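# A structural walkthrough
If you want the building blocks of each chain, they are given just below.
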Amino acid sequence: MELPTRPTLFDFHGVSMTKYFTDNWENIQNFEARPDDILIASYPKSGTTWVCYMLDLLYFGNMCPERQTSVPLHERVPFLEICAPPRPKGTDLADQLSTSPRLIKTHLPVQFVPKSFWEQRCRIVYVARNPKDNVVSYYHFARMNGDHPEVGDWSTFLQDFMEAKMVFGSWYEHVNNWWEKKQTYSKLHYMFYEDLSENSGREIDRLCSIFGLSPSAEEKEKVRAAVMFDNMKQDKMANFSTIHIMKQDVSPFMRKGKVADWKNHFTVSQNEHFDEDYKQKMKYPELRFRTEI
Ligand code: A3P
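Residues numbered from 1 in each chain as written. Predicted model: local features only at pLDDT ≥ 70, side-chain atom pairs only at ≥ 80, totals over all residues. Heavy atoms only, no water.

In the annotation of an unreviewed UniProt entry, the protein is listed under the name Sulfotransferase and assigned to Austrofundulus limnaeus. We quote the UniProt Sequence similarities (unreviewed entry) comment for the protein here in full: "Belongs to the sulfotransferase 1 family." (UniProt positions renumbered as here; feature names shortened; annotations may be inferred.)

## A few points about the overall build of the protein
A count of helices and strands for the protein gives 14 helices and 6 strands. For the protein, whose C-alpha radius of gyration is 18 Å, the value lies close to the compact-globule estimate of 19 Å for 293 residues. Over its C-alpha atoms, taken along the principal directions, the protein stretches across nearly 50 × 40 × 40 Å. For the protein, the proportion of its 293 residues judged to be buried stands at 57%. For the protein, restricting intrachain contacts to residue pairs at least 6 apart in sequence, the fraction spanning at least 24 positions comes to 75%. Of the roughly 13500 Å² of accessible surface on the protein, 50% is carried by carbon and sulfur atoms. Where the 37 positive side-chain charges of the protein centre and where its 40 negative ones centre are 2 Å apart. (Helix = DSSP H or I, 4+ residues; strand = E, 2+ residues; numbered from the N terminus. Rg over C-alpha atoms; globule rule 2.2 N^0.38 Å. Buried < 20%, exposed > 50% of the residue type's maximum accessible area, 1.4 Å probe, protein only. Contact = heavy atoms within 4.5 Å. Areas by Shrake-Rupley, 256 points an atom, 1.4 Å probe, with all protein chains shown as cover. Lys, Arg positive; Asp, Glu negative; His and termini not counted. Charge placed at Lys NZ, Arg CZ, Asp CG, Glu CD.)

## A word on the nonpolar core
One finds L55, W178, Y190 and F289 to be the most contacted residues of the largest nonpolar core, which totals 97 residues. Broken down by element, this core gets its largest block of residues, 10 residues, from helix α2 (residues 48–60). (Core = buried A, V, L, I, M, F, W, Y, C linked by side-chain atoms within 4.5 Å.)

## A few points about the environment of D230
Mapped onto the secondary structure, D230 falls in helix α13 (residues 229–234). Overall, the relative accessible area of 54% leaves D230 in the exposed class. Considered as a pair, D230 and G257 are 27 residues apart in the sequence and their alpha carbons are 9.0 Å apart.

## As for the packing of aromatic side chains
Pairs of aromatic rings are described using the distance from one ring centre to the other and the angle between the two planes. Counted under the stated rule, the structure contains 33 aromatic pairs. Judged by centre distance (5.3 Å) and plane angle (80°), the rings of W25 and F112 are edge-to-face. Separated by 87 residues along the polypeptide, W25 in helix α1 (residues 25–29) and F112 in the loop between β4 (103–106) and α6 (115–119) bring together distant segments of the chain. Among the residues examined, W25 registers a relative accessible area of 15% and is labelled buried. On the basis of relative accessibility, which here comes to 6%, the residue F112 falls in the buried class. Seen in terms of ring centroids, Y138 and F157 are 5.9 Å apart; in terms of plane orientation they differ by 75°. Their pairing is edge-to-face. Of this pair, Y138 sits in helix α7 (residues 131–144) while F157 sits in helix α8 (residues 154–162), and the two are 19 residues apart along the sequence. (Phe/Tyr/Trp six-rings, centres within 6.5 Å; stacked < 30°, edge-to-face > 60°.)

## Some words on the sheet that holds strand β3 (residues 38–42)
The strand order β4-β3-β5-β6 describes an open sheet built from 4 strands, whose pairing is parallel. Edge positions in the sheet fall to β4 and β6 (188–192), since each has one partner strand and no second. Between one strand axis and the next, the sheet turns by 20° as a mean value, whatever way the strands run. Sitting on the sheet, helix α11 (residues 200–211) is in contact with β3, β5 (123–128) and β6, with an inclination near 180° to β6. (Pairing = 2+ DSSP bridges. Axes fitted to C-alpha atoms, helices over the stretch in contact; angles between N-to-C directions.)

## Section: the site of the ligand
Among the 18 residues in the neighbourhood of the ligand, the closest are listed as T48, T49, S137, Y193 and K256. Take R255: an N or O atom from its side chain is 2.8 Å from an oxygen atom of the ligand. Contacts to the ligand include G257, whose backbone N or O atom sits 2.7 Å from an oxygen atom. When the free accessible area of the ligand is taken as 570 Å², the share hidden by the protein chains comes to 97%. A total of 3 residues in the shell around the ligand trace back to one element, the largest contributor, which is α2. By residue class, the composition of the shell around the ligand is 8 nonpolar, 6 polar and 4 charged. (Near = heavy atom within 4 Å. Polar contact = N/O pair within 3.5 Å; in protein donor to acceptor, adjacent residues only side chain to side chain. Nonpolar A, V, L, I, M, F, W, Y, C, P; charged D, E, K, R; others polar.)

## Quick look at the pattern of salt bridges
Tallied over the entire structure, the rule returns 18 salt bridges. Between R102 and D37 there is a salt bridge, and its shortest N-O distance comes to 2.8 Å. Here the residue R102 occupies a position in the loop between α5 (90–96) and β4, and D37 occupies one in the loop between α1 and β3, the gap between them amounting to 65 residues. Across the pair, exposure class does not vary: R102 and D37 are buried alike. In this structure, the salt-bridge partner of R206 is E203, at a minimum N-O distance of 2.9 Å. Note that R206 and E203 are positioned in helix α11 at a spacing of 3 residues, about one turn of the helix. Note on R206: relative accessible area 37%, which makes it partly exposed. Given a relative accessible area of 1%, E203 falls into the buried group. Residues joined in a network through salt bridges with shared partners are D195, E198, R202, E203, R206 and R290. (Salt bridge = Lys/Arg side-chain N within 4 Å of Asp/Glu carboxyl O.)

Structural data, given as structure tokens:
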């Protein structure tokens, strides 16, 4: 089957986007959230799939185990803004979900989130990752994913990341603006990839406490084991191997799953330049990222 040509990046209300995330804009903006919906938001490549899987297992792992082996995670947790025919639109998949709560994924910057999520006071989990590992992961993902614009070499990609020429725009604005939102929206839980990597059991406990879930120690351990990188990498329902636009032989979706892989990509001068630029762009001293653990 011939693959469609890669899309181009354009400015969309001040954010770089491609048609795959804007073509269904009216339906996205008019999406009717339900009060018990849980929105899992992130900048691309922050560990979204990890958290989606964790929450899906915590909510539904026991109730319907056959879901885990027969329904791909991207159908259990629809990607709200995706519109890449012939694959189903994210809004349609979300509308068709019969689970309660519905788990819905988005990469939208906070200002683009459909207003019904705020009106319904939905709970939101935001996942963030240190920018150095984030950009490395994004680079490899952009190479393997035909939904993404053409990718040049690593140093061009890194420069583009710093200049917000990325699908879903500036990482810096994304994490800062969601952080700012957290100060006034109490139902937003802001979590970090590095914390998950350091101690996933602790982060699962936090999610349980926030969502009022009380799995047994044994159930929690089952979730912790299932979401380990090596297990998710083997899991056809979680590793995106069912999405043919992703060329896993170019770079697997479940690539390395580590903190500090950036050290294998950044040169000394790229790192110095990046650190200088980072200081200029970050707004909140309390928002701290760990580039190693
Ligand atoms: P790497 O490319 O650094 O390996 P997203 O789901 O937001 O697209 O993020 C994908 C990144 O999260 C990839 O990072 C992927 O390997 C990593 N990831 C996914 N599941 C993981 C897990 N269980 N443990 C550690 N990292 C995971």
